[in-house]
Amino acid sequence: MTTSRTGASRDALPLRTTRPSGRLARALLAELTRHPGPKSALLVGVPAGSPVLAGALDALAAEDHLTVLADAGSIEAPAHVAEVAAGRPDQVEIVDSLADAKPCDVVIVAQPLAGPAAAVAGLLAELRELLAPGGILVVATAARMTDPAAAELSDLTERHGVGSDLLLRHRPALRVHRLRFTPAEPALAERLAPVTRPSSVPLTGGMHLDSNGVAAGVACLGLALLAKRARPSSKLWLVPALAAVPAAAFFRDPQRSTPHDPDAVVAASDGTVLGVEQLHDDKFGVGDGDWLRVAVFLSVLDVHINRAPVAGRVIEVFRETGGYAPAMKAAAEHNVAAYTVLETAHGPVVVAQRTGLVARRIVHRAPVGGLLARGERFGLIRFGSRTDVYLPAGAAEAVVAPGDKVAGGATVIARWQPS
């Protein structure tokens, strides 16, 4: 059963009626909390005591506005929402149906969707109409693809997704989807704060572990267990067991402080600067083909998380086939690579993730249409590799030289020049 904008029904909002966890709340609110405002948001399906509502209220700045759908068929209007609205009448509004809501910058479904595919599709169609131009819709579903809601979101994510993250250490396993149906202004990226993927596991206050590190550590321990069972008297199991920690540590994800200087271009990765040069390259299809390129080599001991060197909107992502030459050699320019093209206020910027001798997989997490803040994580390369940052020639001046050590998201490698 689908719905119309005239009111909501029980089938129109097929939500789980459990209170969202704090971990899920943070993931759902990431797009709202990273936006400095002024901004508007709509919360749909807010159960009593929801940390999503509390987090949304904390994220409101003086000029922001929050709308809460209180009467959603399957959910009673919680009294505490009315109390909050009464205490902040200029910022918080309660509506009885989607028909009463106005278009917002961020629309958040505050509970995981779980219901018939037709009902989910109907609700998403209504919520899509409530997005302001460039607005973003955030919803969660079960992680398993056999779930009807998850299958419905998977199709939409293929066409309109700008992010889809698995929530680790959550039961049941959930996936948070971010959808954008109309292009956002690239200038907005300049004002956004970087976000951390919910699947990045915090180890300490300043260090996280990427989900690839969790998988690597578990795989090593699994091999150790199999070896122990297969040959109980052998010490062979110690090899994968001892490899578990360094394998996981390769995917460490430290927190970084990105410079606030609006003219700064930061390193896309940790490593050593291989070269700084001006060249001509037409393969990106943007600009006039003249670029300032800063190439950085990553050894197996470096942090391999890749970060956006500038703020911008992803307008193209493509991959090129090639070889696996050592990343520090000139031939590495023809290795397998993934290119991310960003539209920025200073012109197009390209980041190349290149494989090396050992690397065999590039992980890319910045779909076309997404907005990246400067210093924001957008992928990684497994094992030794190289990243190249291409800036419009004449628009920026490099401030590093070959041999310099850089830290992704923190070290300034170039500065924009006055136009």
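This structure is a prediction, so every number in the text was calculated from the model and none was measured.

Can you help me understand the confidence of the model for the chain in this one?
The predicted coordinates ought not to be read in detail in places where the model reports low pLDDT. Looking at the chain, pLDDT values average 87 and 90% of them are 70 or higher. Here residues 1-11 scores under 50 on pLDDT; set against residues more than four positions off or in separate chains, the count is 28 contacts. Taken together, the stretch residues 71-77 has pLDDT below 50 and engages in 17 contacts with residues farther than four places along the chain or on a different chain.

Would you take a moment to explain the packing of helix α8 (residues 211-230) against helix α9 (residues 238-249) for this structure?
Angle between the axes and distance between the axes: these two values describe a pair of packed helices. Their axes nearest at 8 Å, the elements α8 and α9 cross at an angle of 175 degrees. Considering their axes alone, α8 and α9 lie roughly antiparallel with respect to each other. Together, G213, A216, G217, C220, L221, L223 and A224 of α8 and P240, A241, A243, A244, A247 and A248 of α9 make up the contact between the two elements. Grouping the amino acids of the contact of α8 with α9 by side-chain chemistry returns 11 nonpolar, 2 polar and no charged.

It is not clear to me how the pairing of strand β7 (residues 174-179) should be interpreted in this structure. Could you clarify?
Two faces make up the sheet, and in a regular strand the side chains alternate between them. Within β7, 5 of the 6 residues are buried, leaving the element largely enclosed by the surrounding structure. Relative to β7, strand β5 (residues 131-142) is paired through 6 bridges, and the arrangement is antiparallel. Opposite A142, over in β7, you have L174 as the bridge partner. As defined by bridge partners, strand β6 (residues 161-167) adjoins β7 across 6 bridges and the pair is classed as antiparallel. Of the residues in β7, the one forming a bridge with L166 is R175.

Sorry if this is basic, but what is going on with the pattern of salt bridges here?
Opposite charge on two side chains allows them to pair when their charged atoms are near. For the structure shown, the criterion picks out 22 salt bridges. For R144, the salt bridge identified is with D147, shortest N-O distance 3.9 Å. Using a relative accessible area of 47% as the deciding quantity, one classes R144 as partly exposed. The class for D147 is buried, based on a relative accessible area of 8%. Across the pair D388 and R293 runs a salt bridge whose closest N-O atoms are separated by 3.9 Å. One end of the pair, D388, is in strand β21 (residues 385-392); the other, R293, is in strand β13 (residues 290-298), with 95 residues separating them in the sequence. Each member of the pair, D388 as well as R293, carries the same accessibility label: buried. What you see here is one network of salt bridges that share partners, running through E31, R34, D165, R178, R197, D210, R365 and E376.

How should I be thinking about the nonpolar core in this particular structure?
If you look at the biggest cluster of nonpolar residues, it comprises 28 residues, and the most contacted ones within it are L28, L32, L43, L66, I108 and V176. Elements supplying a minimum of two residues to this core: α1 (22-28), β1 (40-44), α3 (51-58), β2 (65-69), β4 (104-109), β5, β6 and β7. Among residues more than four places away in sequence, those in contact with L43 are V52, L53, A56, L66, T67, V68, L69 and I108. Judged by nonpolar contacts, the second largest core, of 24 residues, contains A267, V273, L391 and A414.

Each value, and the rule that gives it
- Residues numbered from 1 in each chain as written.
- Predicted model: local features only at pLDDT ≥ 70, side-chain atom pairs only at ≥ 80, totals over all residues.
- Heavy atoms only, no water.
- pLDDT = per-residue confidence, 0-100.
- Contact = heavy atoms within 4.5 Å.
- Axes fitted to C-alpha atoms, helices over the stretch in contact; angles between N-to-C directions.
- Helix = DSSP H or I, 4+ residues; strand = E, 2+ residues; numbered from the N terminus.
- Parallel < 35°, antiparallel > 145°, perpendicular 65-115°, else oblique.
- Nonpolar A, V, L, I, M, F, W, Y, C, P; charged D, E, K, R; others polar.
- Buried < 20%, exposed > 50% of the residue type's maximum accessible area, 1.4 Å probe, protein only.
- Pairing = 2+ DSSP bridges.
- Salt bridge = Lys/Arg side-chain N within 4 Å of Asp/Glu carboxyl O.
- Core = buried A, V, L, I, M, F, W, Y, C linked by side-chain atoms within 4.5 Å.

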